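Here is what each chain is made of, one letter per residue.
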Amino acid sequence: KVHVRRGLRVLPKLRSDAASWGRQSLADLGEEGFSDAMLRASVGDPFSESTPETALADLRELIDAAGSAFDPHDWFVVGDVRGDIGVVLPHLFADRRTTGTLWYLGVLPERRGHGYGTQLHLLGLHRLRNLGALDYVGSTDTANEPMLRVFARNGCAS
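Quick notes on the rules
Residues numbered from 1 in each chain as written. Predicted model: local features only at pLDDT ≥ 70, side-chain atom pairs only at ≥ 80, totals over all residues. Heavy atoms only, no water. Helix = DSSP H or I, 4+ residues; strand = E, 2+ residues; numbered from the N terminus. Polar contact = N/O pair within 3.5 Å; in protein donor to acceptor, adjacent residues only side chain to side chain. Contact = heavy atoms within 4.5 Å. Core = buried A, V, L, I, M, F, W, Y, C linked by side-chain atoms within 4.5 Å. Buried < 20%, exposed > 50% of the residue type's maximum accessible area, 1.4 Å probe, protein only. Expected span 1.5 Å × (residues − 1). Arc of directions from axis to C-beta. Phe/Tyr/Trp six-rings, centres within 6.5 Å; stacked < 30°, edge-to-face > 60°. Lys NZ or Arg CZ within 6 Å of the ring centre and 35° of its normal. Salt bridge = Lys/Arg side-chain N within 4 Å of Asp/Glu carboxyl O.

On to the side chain of R6. If you trace the backbone, R6 turns up in strand β1 (residues 2-7). A distance of 3.1 Å separates a polar atom in the side chain of R6 from the backbone oxygen of V10. Setting aside residues no more than four positions away along its own chain, R6 makes contact with L11, P12, L125, L134, D135, Y136, N154, G155 and C156.

Before going further, it helps to examine the nonpolar core. L8, W21, L120, L123, L125, L128 and Y136 are the most contacted members of the largest nonpolar core, which totals 26 residues. Mapped by element, the contributors of at least two residues to this core are β3 (76-80), β4 (83-93), β5 (96-107), α4 (116-130) and α5 (145-153). Take this core: its biggest share by element is 6 residues, from α4. In contact with L128, other than residues within four places in its own chain, are L8, P90, H91, L92, G100, T101, L102, A133 and Y136. Of all hydrophobic cores here, the second largest spans 14 residues; its members include M38, W75, V77 and Y104.

Residue pairs spaced three or four apart in an α-helix point in one direction, given the helix's 3.6 residues per turn. When the terminal C-alpha atoms of helix α3 (residues 55-66) are compared, their 17 Å separation across 12 residues agrees well with the 16 Å that a helix rising 1.5 Å per residue should span. Within α3 the residues assigned to the buried category are A55, L59, I63 and A66. For α3, the angular spread of buried residues about the axis comes to 80 degrees, placing them on one side. Exposed residues lying more than 90 degrees from the buried face of α3 are E61, D64 and A65. Buried positions along α3 lie against α2 (26-42), β4 and β5. At the exit of α3 stands G67, carrying a positive phi of roughly 60 degrees.

Looking now at α4. Spanning 15 residues, α4 covers 21 Å between terminal C-alpha atoms, matching the ideal 21 Å at 1.5 Å per step. Of all 15 residues making up α4, 12 are buried, and the element is well covered by its neighbours. Within α4 the residues assigned to the buried category are Y116, G117, T118, Q119, L120, H121, L122, L123, G124, L125, H126 and L128. Trailing α4 by a residue or two, G132 shows a phi angle of about 110 degrees, which is positive.

What follows deals with the packing of aromatic side chains. All chains considered together, the criterion is met by 3 aromatic pairs. Plain terms: the ring middles of F70 and W75 are 4.9 Å apart, the flat faces sit at 75 degrees to each other, and that makes the pair edge-to-face. Assessed through its relative accessible area of 22%, F70 is described here as partly exposed. In this structure W75 comes out as buried when scored by relative accessible area, which is 1%. Aromatic side chains W75 and W103 sit 6.1 Å apart centroid to centroid with 50 degrees between the ring planes, which places their arrangement in the tilted category. Placement of W75 in the loop between α3 and β3 and of W103 in strand β5 is noted, with a sequence separation of 28 residues between them. Taken together, the ring pairs in this structure connect F70, W75 and W103 into an aromatic cluster. In this structure, R23 packs its charged tip against the face of F76, placed 5.2 Å from the ring centre.

A word on the pattern of salt bridges. A side chain of one charge can pair with a side chain of the opposite charge when the charged atoms of the two come close. The final tally for this structure, using the stated rule, is 6 salt bridges. Of the charged contacts in the structure, one is a salt bridge between D17 and R15, with a shortest N-O distance of 2.9 Å. In this structure D17 comes out as partly exposed when scored by relative accessible area, which is 32%. Looking at R15, the relative accessible area reads 30%, which means it is partly exposed. R60 is paired through a salt bridge with E31; the nearest N and O atoms lie 2.6 Å apart.

Structure below.
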């Protein structure tokens, strides 16, 4: 694993298109709709183990692990006029409410390769800051080059 950190006091602005993306939260979509979006975003991702049979249970595991800090309004699917772009799960740690992470970030396969991952990650960082986080911690597999590039573009350091 690669572990990164970043202060959240000063963040780059979102691209103008990303600032206007629509959002549908887990609270809006319900668990089944949200787990379906997460599954669609994980297609072709060698680091995701979800399957159509396990997607809902996988989401429920994340919800259980989030514990008292979980808020279904903070996990969302993001889209634009062309449809869904991806999923991001900003989360504050229950025991350190000024530190947050993104438990999952995924871009739909048809939207990959256009900088959406970087903007989706940055959107999650902005959300964490709005929730009161001062610091971000993240991690990914050492072989997850797309996520490593996203971290670097958004000023995260190991």
